[in-house]
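Each chain, letter by letter, is given below.
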Amino acid sequence: MLGSYSLKTLERRLGLAAVVAISIGAMLGSGLFVLPGLASALTGPSIWLAYVVAGLMVVPAALSKAELATAMPTSGGTYVYIDRTFGPLAGTIAGLGLWLSLLLKSAFALVGFGAYLSAEIGDALPLLPTSLVLLAGVVALNVAGVRKIGKIQLGIVGVALIGLIALSLWGAPSFDEAKLEDSFSGGVVGFMQAVAFVYIAFAGVTKVGAIAEEVKNPGRNLPRGILISLSVVIVVYGGVTLCLVGNVSATELAGDMRPIYTLAARVAGPVGASLTAILAVLTMTSMATSGLLAASRFPFAMARDDLLPPRFRHVSERFGTPTFAIVVTGLAMGAVLVAMDVASIAKLASSFMIAAFVVVNGAVIVLRESDARWYRPSYRAPLYPYVQGVGVVGGIGLLLATGWLAGIALVVMMGAGLLLYLFYGRKRTDRRGVIGRMGPRRELLRDLDDALPGDAAAVVALTGRERSAETLVEVGAALAEGGRVEVLHLSDVPEQIGLGTALDDDGGVRALERRLLSFGRKHDWKVEFDAVATRDIVETIHHATQAVGCRWLVMPWRESSVLGITAVNPLGWLINHLTSNLALLRDAGVREICEILVIPQPGPHDVLVASTAERLGAVHDARIVFARFVHDDADRLEAQSEADYLEQVSVLCGREHRTIVLHGKDEVAAITAASVQYDLLVLGASGDRRLKHILWPPVEDRVMREAACSTLVLRRPRELVHEALTATSEDARREADTLRGLITLELLEARIEVDDKDKLFRAVAERLARVSGDGDVETIERALLEREETQNTAVGDGVALPHATLHGATQTYLGIFTTREPLDYGAPDGGLVDVLFVTLGPPSDRNHHLRVLAAIAQRIHETDLLVRVRAAEDREGLSAAIRACDDLS
């Protein structure tokens, strides 16, 4: 019986001195008292440098973990950071691996304890039983509570540091440089293996993060304690091992299980050796104690997250510690002592810890780039992302240096963690982690059919980072055109905070609600306000836009983070999969809009841009100017095509306007220079967020960042593109030619035998080039692919509407193609495509292009065109299907 249990949080008891003591105590131990002899066999006298290099390679992880610990000061440390970042599967694997790594290192300390004890008393006490008895004492001390551990370690660490420094100074006079000859006896490979081998000696520097929930003022004490302890230990390890190799030959040192005792006997005699043995026993006892303390917190934290049985998360009412987790960890350490040899324990512990630190550095990158609202560390690692990049690359290099044993061990560990998650954790948790919210969200796409009817015309999403909430509401009201505006204030809440208490007594949110409702009443707008605490902002926004059936989602634009990974940002996924129009506003502080500059782009959003500019111009009684950019090196044909397109698209704006052409060497520079004369810049999005945008940001991102005025980027979802083309072109529909009058027999092709999208576009381009004579195959194919990069042209029901715009084209052509088997078209919903309506034309022929699409939409909606087209065996069958549907329409 381990005592009575209750679920409770851990008390914050540890100050800066205790943090430093626990960190140094976790490092000072077998990493110095045992490892030098084993590492010497790998690299020779350069082990002192291997220690320094290993300590420096720990710095990125130490800085990253200090940042993570201040954002998530909860027991579990690295496990929690990985779980919250990469999801519960990664968390299960990491938690299991970290638990084993720390208990392996602690067991290694107990082995070292036995080695130094036997140096004094010989074989009077059996090594293994003695180590097991000491383990029982360590377990009892951990059960008693961390306050007692902190007090004991303060004394032990102080004595150990003084003793090691004194030993180094004592051995300095007898330092023999000749013993440093052939320092790199194992070559570069041997040296890197030694660095990886002694890496575990520094791992304890971040171990205190596992008990962050018990640290007072963690934002101050955690990073300071980690950096202070690491700096001290690098100096101590480097100095002591340098003294060691200068006094003891590499031959004598290789394989020595008590090298510091050997050094003390050489420079200080029997008395010094005896004192060193006592010091080593105390220090490694301290290490085993703090290691067990930190290791036991991993199953405790995993149980709190329902990845292990609930008994592991019980906290003793008597001692205030997770007693069951401590006892199980102690039993596992005993099993390691009985079953494993020293070298294997050290190598496995190092490999697990290196892998964990690589992931820790990656977690900081993911969390910063994801812009998770709840991630607000009080300490931020400097030199981001270079420090983390060095940590990731260096860690991978060390893992490669450890050899096949580490690889096998990591694979086995991942397999064990995977099985634990599949058979226990998966059915008990629904967390996704930050990275899980950045990828495809198929579960949200499945919810589209369950959208609830609503009456809000626009949803305004506030996340607390907007410059002016009133300005966003004003834009939402203009786009709502008299309809209701639903304002959602979203608070992103981490897993460790209850949703029910996240908004309690939030005076700032109540004040914002009062201001916005008053603002709406003043302008006679229908504004409603709701504050929502959520763990998944993407899911909340996605479901809210469906539930209220809105036509517009208005959000503040955020500048890309250092790496600019907007393509994989969770909001980037949302942008690509919305069911409503999207307006992203960069608020430059302009409060009165008198001049609006509109930059339309040929594609699915130009109609939206023109009609939105018209509405905003009416609301603000502002003057509207449409503009297009023409490069200084453009020929007359291209310049005229741009001017013609501008005239065509500006006609879609029913308000008085004028058009201008911007000239220059760079499009973004020309637009931003022109923006000085305007109050609002309106432009369409360039297309889906893709991985290439990490290195090459789209035009609108660069314009948003550099424009002198407020900027509004608009985007229409795929589901509404087809509808918009039909709805905004009623006159064009009435004037639409019959389909048979828009196509030629040569541009009909049934049952094309291709097996991928690229081959299909090549076949289509060949037919368009042969019939139109307006370009070669490569030019047309490239134009089709560029349009696909802007936005995938699949519109559902197995239909796609590819379009190629060529400046030299003389008219608009329509081709209809079917494939023998449906193809993977890269559609966001995963749907296959087997029917293509392909258009080719000049950018100036906007109205004709609209009429073509309107005619296609009309036939698809009002006739059985798709059924007939799919049934056609050849071009004559396609022609007959078109004639029949023309007669029915």
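Residues numbered from 1 in each chain as written. Predicted model: local features only at pLDDT ≥ 70, side-chain atom pairs only at ≥ 80, totals over all residues. Heavy atoms only, no water.

Novice: Quick question: what am I supposed to make of the overall build of the protein chain here?
Specialist: Scanning the protein chain from N- to C-terminus turns up 34 helices and 18 strands. Within the protein chain, the fraction of its 889 residues that count as buried is 59%. Residue pairs in contact within the protein chain that sit at least 24 positions apart in sequence constitute 83% of those at least 6 positions apart. Element-wise, carbon and sulfur atoms account for 57% of the exposed surface of the protein chain, whose accessible area totals about 34,400 Å². (Helix = DSSP H or I, 4+ residues; strand = E, 2+ residues; numbered from the N terminus. Buried < 20%, exposed > 50% of the residue type's maximum accessible area, 1.4 Å probe, protein only. Contact = heavy atoms within 4.5 Å. Areas by Shrake-Rupley, 256 points an atom, 1.4 Å probe, with all protein chains shown as cover.)

Novice: Honestly, the pairing of strand β9 (residues 623-631) in this entry has me stumped. Any pointers?
Specialist: Taken residue by residue, a regular strand's side chains alternate between the two faces of the sheet. Of all nine residues that make up β9, seven are buried, and the element is covered over most of its length. In terms of strand pairing, strand β8 (residues 595-599) meets β9 through four bridges, oriented parallel. In the strand pairing of β9, Val598 is matched with Phe626. As paired elements, β9 and strand β10 (residues 657-664) share eight bridges and run parallel to each other. The partner of Phe626 across the bridge, within β10, is Thr659. (Pairing = 2+ DSSP bridges.)

Novice: Would you take a moment to explain unusual backbone geometry for this structure?
Specialist: Most peptide bonds take the trans configuration, and most residues that are not glycine carry a negative phi. The step from Tyr384 to Pro385 runs through a cis peptide bond, and the omega angle for that step is 0°. Its place among the elements puts Pro385 in the loop between α14 (342-370) and α15 (386-402). With a phi angle near 55°, Asp182 is a residue other than glycine that sits in the positive phi range. Its place among the elements puts Asp182 in the loop between α8 (146-171) and α9 (187-198). Its identity as a non-glycine residue notwithstanding, Leu383 has a phi of 60°, on the positive side. You can see Leu383 is positioned in the loop between α14 and α15.

Novice: I keep staring at the packing of aromatic side chains and nothing clicks. Help me out?
Specialist: Within a pair of aromatic rings, the relevant descriptors are the distance that separates the centres and the angle that separates the planes. Taken as a whole and judged by the stated rule, the model has nine aromatic pairs. The interplanar angle of 65° and the centroid separation of 6.1 Å between the aromatic rings of Phe761 and Tyr825 together place this pair among those described as edge-to-face. On the criterion of sequence distance, the pair formed by Phe761 in helix α30 (residues 757-772) and Tyr825 in the loop between β17 (813-824) and β18 (832-841) is long-range, its members being 64 residues apart. With respect to class, Phe761 is no different from Tyr825; both count as buried. By way of ring pairs, the aromatic residues Tyr51, Phe202 and Tyr237 are connected into one cluster. Its guanidinium or amino end placed over the ring of Tyr424, Arg428 lies 3.7 Å from that ring's centre, counting from NZ or CZ. Over the ring of Tyr825 we find Lys757, and its NZ or CZ is 4.0 Å from the ring centre. (Phe/Tyr/Trp six-rings, centres within 6.5 Å; stacked < 30°, edge-to-face > 60°. Lys NZ or Arg CZ within 6 Å of the ring centre and 35° of its normal.)

Novice: What's the story with the environment of Met340 in this structure? I'm lost.
Specialist: Along the chain, Met340 falls in the loop between α13 (323-339) and α14. Along the sequence, Met340 and Phe108 sit 232 residues apart, while their C-alpha atoms lie 9.7 Å from each other. Here Met340 is in contact with Leu104, Ile345 and Leu348, once residues within four sequence places are set aside.

Novice: Help me out: how do you make sense of the pattern of salt bridges in this one?
Specialist: When the charged atoms of two side chains lie near each other, side chains of opposite charge can form a pair. Counted by the stated rule, this structure contains 26 salt bridges. For Glu749, the salt bridge is made with Arg767, and the minimal N-O distance between the two is 3.4 Å. With a gap of 18 residues between them, Glu749 in strand β13 (residues 743-752) and Arg767 in helix α30 connect regions that are remote in the sequence. Arg767 shares its class with Glu749; the two are buried. A salt bridge links Lys757 to Glu788; its shortest N-O distance comes to 2.8 Å. A residue pair is termed long-range when its members are at least 10 positions apart, and Lys757 in helix α30 and Glu788 in helix α31 (residues 777-790) qualify at 31 residues. The exposure class of Lys757 is buried, given its relative accessible area of 16%. (Salt bridge = Lys/Arg side-chain N within 4 Å of Asp/Glu carboxyl O.)

Novice: Looking at this structure, I do not really get the packing of helix α3 (residues 35-43) against α9. What am I missing?
Specialist: Helix-helix packing: each pair is described by the crossing angle between the helix axes and the interaxial distance. α9 packs onto α3 with a crossing angle of 160° between their chain directions and a minimal axis gap of 8 Å. Overall, the two elements α3 and α9 adopt an arrangement that is roughly antiparallel. Relative to α9, the crossing made by α3 is right-handed. Along its contact with α3, which presents Leu35, Leu38, Ala39, Leu42 and Thr43, the element α9 presents Gly190, Phe191, Gln193, Ala194, Phe197 and Val198. Class assignment for the residues of the contact of α3 with α9 results in eight nonpolar, three polar and no charged. (Axes fitted to C-alpha atoms, helices over the stretch in contact; angles between N-to-C directions. Parallel < 35°, antiparallel > 145°, perpendicular 65-115°, else oblique. Left-handed = near helix turned anticlockwise from the far one by under 90°. Nonpolar A, V, L, I, M, F, W, Y, C, P; charged D, E, K, R; others polar.)

Novice: Explain helix α12 (residues 259-304) to me, please; I cannot follow it from the model alone.
Specialist: For an α-helix, the turn length of 3.6 residues means that residues three or four places apart are oriented alike. Its 46 residues give α12 an end-to-end C-alpha distance of only 42 Å, which falls more than 12% under 68 Å, the value for a rise of 1.5 Å per residue. The largest bend in α12 is about 145°, located at Ala268, with the proline Pro270 one to four residues further on. The buried fraction of α12 is high, at 36 of 46 residues. Positive backbone phi, at 65°, marks Asp306, one or two positions downstream of α12. (Expected span 1.5 Å × (residues − 1). Bend = angle between axes of the 7 residues up to and from the residue.)

Novice: How do you make sense of the side chain of Thr612 when you look at a structure like this?
Specialist: Its location among the elements puts Thr612 in helix α24 (residues 606-620). Not counting residues up to four positions away in its chain, the partners in contact with Thr612 are Leu479, Trp552 and Leu714.

Novice: Even after reading the chapter, I still don't get the confidence of the model for the protein chain, so can you show me in this structure?
Specialist: Caution applies to low-pLDDT parts of the model: their predicted coordinates are not meant to be read in detail. This prediction gives the protein chain a mean pLDDT of 80; 82% of its residues lie at or above 70. Looking across the protein chain, the model is least confident in strand β1 (residues 5-6), with a mean pLDDT of 36, and most confident in β8, with 95. A low-confidence stretch, residues 440-453 stays under pLDDT 50, and its non-local contacts, those more than four residues away or across chains, total 33 contacts. Contacts of residues 724-737 to residues separated by more than four positions or lying in other chains number 19 contacts, the stretch itself having pLDDT below 50. (pLDDT = per-residue confidence, 0-100.)

Novice: Can you walk me through the sheet that holds strand β7 (residues 581-586) in this structure?
Specialist: Strands pair in a sheet through their backbones, by hydrogen bonds, and they do so in one of two ways: parallel or antiparallel. With respect to topology, ten strands assemble into an open sheet ordered β5-β4-β3-β6-β7-β12-β11-β8-β9-β10, the strand pairing being mixed. The open sheet terminates on both sides in strands that have one partner only, identified here as β5 (527-534) and β10. Along the sheet, successive strands turn relative to each other by an average axial angle of 25°, direction set aside. As paired elements, strand β6 (residues 552-556) and β7 share five bridges and run parallel to each other. Paired with Leu553 across the bridge in β7 is Leu582. Contacts between helix α19 (residues 469-480) and the sheet are confined to β3 (456-462), β4 (484-492), β5, β6, β7 and β12 (710-715), with β3 contributing the most and set at about 160° to the helix. Along the sheet, helix α26 (residues 667-674) contacts β8, β9, β10 and β11 (680-684); its crossing angle with β10, the most-contacted strand, is approximately 135°.

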